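Each chain, written out:
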Amino acid sequence: MLQRLADPTLEFQDIHTAGAESLPGREALLKSLHLQRGSGDMVTGLAANVAVWQHTRYGALWRLLMLPGIRLVAERVYDHWARRRYARLYGCALTESGAD
């Protein structure tokens, strides 16, 4: 859905394609959204999601998640969601601490 809504300046990279299995750090890429900015900086997790959604008409709504107070809760919710998604899609057991 995001790819359909985003403006053409956002480039998506599918790490499930042939040859991507050998990417260094591929498991980390699967566990949380990663965004590489034009400057080469890498942003992950909630910050990456908010940055990516800035390329859609819903960007202003997503920016609200970065407000102090809301950000702390939103990061915990995103981290929990990302761990559960990874476990569901890749057949891994969840640990108590969330570290796999």
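Calculation rules
Residues numbered from 1 in each chain as written. Predicted model: local features only at pLDDT ≥ 70, side-chain atom pairs only at ≥ 80, totals over all residues. Heavy atoms only, no water. Salt bridge = Lys/Arg side-chain N within 4 Å of Asp/Glu carboxyl O. Helix = DSSP H or I, 4+ residues; strand = E, 2+ residues; numbered from the N terminus. Buried < 20%, exposed > 50% of the residue type's maximum accessible area, 1.4 Å probe, protein only. Expected span 1.5 Å × (residues − 1). Contact = heavy atoms within 4.5 Å.

*Asks:* What's the story with the pattern of salt bridges in this structure? I'm lost.
*Replies:* One side chain can pair with another of opposite charge once the charged atoms of both are near each other. Tallied over the entire structure, the rule returns two salt bridges. With a closest N to O distance of 3.4 Å, Glu 27 and Lys 31 form a salt bridge. With Glu 27 and Lys 31 both in helix H2 (residues 26–31) and four residues apart, this pair spans about one turn of that helix. With relative accessibility at 44%, the residue Glu 27 sits in the partly exposed group. One salt bridge connects Arg 71 with Glu 75, and the closest N-O pair in it is separated by 2.9 Å. Residue Arg 71 and its partner Glu 75 are both found in helix H5 (residues 70–90); the two are separated by four residues, about one turn of the helix. Glu 75 gets classed as partly exposed once you look at its relative accessible area, which sits at 28%.

*Asks:* Explain H5 to me, please; I cannot follow it from the model alone.
*Replies:* Residues spaced three or four apart along an α-helix point in a common direction, a consequence of the helix completing one turn every 3.6 residues. Taking 1.5 Å of rise per residue, 21 residues should cover 30 Å, and H5 covers 30 Å from first to last C-alpha, within 8% of that figure. The complete set of buried residues in H5 reads Ala 74, Tyr 78, Ala 82, Tyr 86 and Ala 87. Buried positions along H5 lie against H2 and helix H3 (45–53). Remark: Gly 91 follows H5 within two positions and exhibits a positive phi of approximately 65 degrees.

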